[in-house]
Amino acid sequence: SSKNYQPKDFFRRAPHDLLVQYFARHEVLADIAFVEKSDEQIETLFKAFQALNERLHSKMEADFQEIHNLSTEGGIKALMDEADFHGDDLVELFAQNAVEGFEAQAFWVFLNRHDCWNGAKAFNRADSLFTSWEKLSGIGSYPAKIDSVSIGTFASELGAFFNEKGMGKRCKVDNLHRVNKGKELEYFFTYPEDFARNDLAWKEELKLDPRRAALEIIFMYCQADGELEIWCRQAKAVKKELQKIFANTILGIELPKPIKEKKEYELDSFKNPNIPLKFDAQSGVESIRVNKLRFTLTGSKERITIEANNSRNPNAVYDLYDKLKARLPEQDLNVTHVGLLATFDEVVGNKQKTKQFSLTFPNSCSLKHTQDEAILRQILVDSGVQPKPVTKPVKAKKSEVTHDGE
């Protein structure tokens, strides 16, 4: 993340030829030539970089932080998704150009396929957000209207909604299409005006800078699943209103009342250490282990959590559970939270790739929609842990027929 960005560390990790190419484009630092990245050479480059004029230095520093933020497994996946939309196969391009390592790959795309950059940044941002999401299921398979008129109407409606709360009335909407594990996803990254405020900022001197910042609200719609997820740091009631605006303007339907989700997870099944989670070798998943169970006592709000490191003993948490059952009747223990660790057969660096995730009663799941997490979501569905939501009818707007299936 940007908080871990350090220019010297970035210069150490970035390939020499890409740094030379970047600086050449800006016609600076051509006299800084180094082959081996010794501490002395890094220090020389750093001092020359710091000595650039303030405007150019700020521009470059912002670029380097963006490259740093996408120099992760998730960042490269986001770049690949966006490149695929533009007709580029990054796996093939990286092989052709001998580009290896996350830092080199992100930097190479920044320099050579920059049309993929902003979309990938947006996807990576959405993938990094694990809280404040609100999901609406059972909408039905309505195609999203992504023409300029519909997007403009959506922006106007969002601006008007927040303007009624005293904020600004302007709003920008960026629509991006993404394919993840064969599923078509439509993202709408929206930026309504927030309240005006004074922020401290450096402009030759430190002073208050009056401005209207932008709210950030992300809409992610999957037509195949009939699901809409909204991310924003607003109250639940606001998210419900945002669902209605999206349905009216982008799907052409009316939501007469909030759709209540069916309870998704029957977590008591995880009392069984041999619960069958169905996946095959093609999934890339080697194992899924339970490493945490939280129970609520029947007729009480008291909770008990058991957690264990199962790297050596796959059933470590269940060994603890057996000790708990010896003291409390099993029927008095209701599972309300399950922590799981998935291990993939892929090796990243010197370690096997893993993913921690959790399920919480009644219907909360920490998994998002990256490629690996989509695989794990499908395993939950295939195993019967996550039943498909019941589709409830919604009303199409008058004079519009947009529904094309259940």
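Please read these numbers as outputs of a predicted model, since none were measured by experiment.

**Q** Please clarify how the overall build of the protein chain should be interpreted in this entry.
**A** Secondary structure assignment for the protein chain yields twelve helices and 13 strands. Across its three principal directions, the C-alpha atoms of the protein chain cover 75 × 60 × 45 Å. Evaluated residue by residue, the protein chain yields a buried proportion of 46% over its 406 residues. Counting only contacts in the protein chain whose residues sit at least 6 apart along the sequence, the fraction spanning at least 24 positions is 64%. Accessible surface computed for the protein chain: about 21900 Å², of which carbon and sulfur atoms make up 49%.

**Q** Would you explain the pairing of strand 8 (residues 285-297) in this entry?
**A** It is a general feature of regular strands that their side chains alternate between the two faces of the sheet. By the criterion of burial, strand 8 is predominantly enclosed, with ten of the 13 residues buried. Where strand 8 meets strand 10 (residues 333-348), eleven bridges bridge the pair, whose relative direction is antiparallel. Bridging across to strand 10, Val290 finds its partner in Leu340. Bridge analysis of strand 8 against strand 9 (residues 303-307) gives five bridges, and the strand direction is antiparallel. Directly across from Phe295, in strand 9, lies its bridge partner Ile304. The antiparallel hairpin formed by strand 8 and strand 9 contains five residues in its connecting segment, where Gly299 sits at a positive phi of about 75 degrees.

**Q** Sorry, what's going on with the nonpolar core here?
**A** Taken as a class, soluble globular proteins show a tendency for nonpolar side chains to be buried jointly. Core analysis: the biggest nonpolar cluster contains 52 residues, and Phe23, Phe64 and Phe107 have the highest contact counts within it. At seven residues, helix 7 (residues 102-112) tops the list of elements feeding residues into this core. The contact partners of Phe64, leaving out residues within four places of it in the chain, are Tyr5, Phe10, Phe11, Tyr22, Phe23, Phe49 and Phe107.

**Q** Can you walk me through the state of the cysteines in this structure?
**A** Put plainly, a disulfide is one covalent bond tying together the sulfur atoms of two cysteines. Taken as a whole, this structure holds zero disulfides when the rule is applied. There is no disulfide at Cys171, and the cysteine sulfur nearest it, in Cys232, is 12 Å away.

**Q** Explain the side chain of Glu186 here, please?
**A** Topologically, Glu186 is positioned in strand 3 (residues 183-203). Only 3.0 Å separates the side chain of Glu186 from the side chain of Asn175, close enough to count as a polar contact. Of the polar contacts made by the side chain of Glu186, one reaches the side chain of His177; its length is 2.7 Å. Beyond its immediate stretch of four places on either side in the chain, Glu186 contacts Ala144, Ile146, Asn175, Leu176, His177, Phe219, Met220 and Tyr221.

**Q** How should the packing of aromatic side chains be read in this particular structure?
**A** Aromatic ring pairs are described here by two measures, namely the spacing of the ring centres and the angle between the planes. The full count for this structure, using the stated rule, is 25 aromatic pairs. For the pair Phe110 and Trp117, a centre-to-centre distance of 5.0 Å together with 85 degrees between the ring planes defines the contact as edge-to-face. An identical accessibility class is assigned to Phe110 and Trp117; each is buried. Put simply, the rings of Tyr5, Phe10, Phe11, Tyr22, Phe23, Phe49, Phe64, Phe107, Phe110 and Trp117 pair up and form one aromatic cluster. For the cation-ring pair, Arg178 lies above Phe123, with the distance from its terminal atom to the ring centre recorded as 4.6 Å. The ring of Phe344 has Lys353 sitting right over it, with the charged end atom 5.6 Å from the ring centre.

**Q** I tried to follow the pairing of strand 10 on my own but got confused; where do I start?
**A** Pairing analysis gives nine bridges linking strand 10 to strand 11 (residues 351-360), with the strands arranged antiparallel. The partner of Thr343 across the bridge, within strand 11, is Thr354.

**Q** Before we go on, may I ask you to explain helix 7 in this structure?
**A** Since there are 3.6 residues in each turn of an α-helix, residues three or four apart along the chain are aligned in direction. Counted residue by residue, helix 7 has eight buried out of eleven residues, so it is predominantly covered. All of the buried residues in helix 7 are Ala104, Gln105, Ala106, Phe107, Trp108, Val109, Phe110 and Leu111. On its buried face, helix 7 sits against helix 1 (7-13), helix 2 (16-25), helix 4 (54-69), helix 5 (73-85), helix 6 (90-96) and helix 8 (117-127).

**Q** Can you help me understand the sheet that holds strand 11 in this one?
**A** Strands pair in a sheet through their backbones, by hydrogen bonds, and they do so in one of two ways: parallel or antiparallel. Here five strands make up an open sheet; going across it, the order is 9-8-10-11-12 and the pairing antiparallel. This sheet does not close on itself; its edge strands, each paired only once, are strand 9 and strand 12 (364-365). Set on the sheet, helix 12 (residues 371-382) makes contact with strand 8, strand 10, strand 11 and strand 12; between it and strand 11 the angle comes to about 50 degrees.

**Q** Please clarify how the confidence of the model for the protein chain should be interpreted in this entry.
**A** As a note on interpretation, predicted positions should not be read in detail where pLDDT is low. On average, the protein chain scores 87 in pLDDT, and the residues at 70 or more come to 91%. Here residues 398-406 is modelled with pLDDT under 50, and outside its nearest four sequence neighbours on either side it reaches 17 contacts, counting other chains as well.

**Q** Would you mind going over the packing of helix 5 against helix 8 with me for this structure?
**A** To characterise two packed helices, one gives the angle between the axes of the helices and the distance between these axes. At a closest axis distance of 8 Å, the pairing of helix 5 and helix 8 adopts a crossing angle of 130 degrees. Between helix 5 and helix 8, the interaxial angle falls into the category oblique. Crossing handedness for the pair helix 5 and helix 8: right-handed. For the pair helix 5 and helix 8, contact is made by Gly74, Gly75, Ala78, Leu79 and Glu82 and by Trp117, Gly119, Ala120, Phe123 and Asn124, respectively. Of the residues that constitute the contact of helix 5 with helix 8, the class distribution is five nonpolar, four polar and one charged.

**Q** Can you walk me through the side chain of Glu229 in this structure?
**A** Secondary-structure assignment places Glu229 in strand 6 (residues 227-231). Residue Glu229 is classed as buried on the basis of its relative accessible area of 5%. Discounting residues that sit within four places of it in the chain, Glu229 has contacts with Trp133, Glu134, Lys135, Ile218, Phe219, Met220, Lys368, His369 and Arg377.

**Q** Can you help me understand unusual backbone geometry in this one?
**A** For residues that are not glycine, phi is negative in most cases, and the peptide bond is trans in most cases. With an omega of 5 degrees, the peptide bond between Phe361 and Pro362 qualifies as cis. Along the chain, Pro362 turns up in the loop between strand 11 and strand 12. At Leu29, a position not held by glycine, the phi torsion is positive, near 55 degrees. As for its position among the elements, Leu29 is in the loop between helix 2 and helix 3 (39-50).

Parameters and conventions
Residues numbered from 1 in each chain as written. Predicted model: local features only at pLDDT ≥ 70, side-chain atom pairs only at ≥ 80, totals over all residues. Heavy atoms only, no water. Helix = DSSP H or I, 4+ residues; strand = E, 2+ residues; numbered from the N terminus. Buried < 20%, exposed > 50% of the residue type's maximum accessible area, 1.4 Å probe, protein only. Contact = heavy atoms within 4.5 Å. Areas by Shrake-Rupley, 256 points an atom, 1.4 Å probe, with all protein chains shown as cover. Pairing = 2+ DSSP bridges. Core = buried A, V, L, I, M, F, W, Y, C linked by side-chain atoms within 4.5 Å. Disulfide = S-S within 2.5 Å. Polar contact = N/O pair within 3.5 Å; in protein donor to acceptor, adjacent residues only side chain to side chain. Phe/Tyr/Trp six-rings, centres within 6.5 Å; stacked < 30°, edge-to-face > 60°. Lys NZ or Arg CZ within 6 Å of the ring centre and 35° of its normal. Axes fitted to C-alpha atoms, helices over the stretch in contact; angles between N-to-C directions. pLDDT = per-residue confidence, 0-100. Parallel < 35°, antiparallel > 145°, perpendicular 65-115°, else oblique. Left-handed = near helix turned anticlockwise from the far one by under 90°. Nonpolar A, V, L, I, M, F, W, Y, C, P; charged D, E, K, R; others polar.

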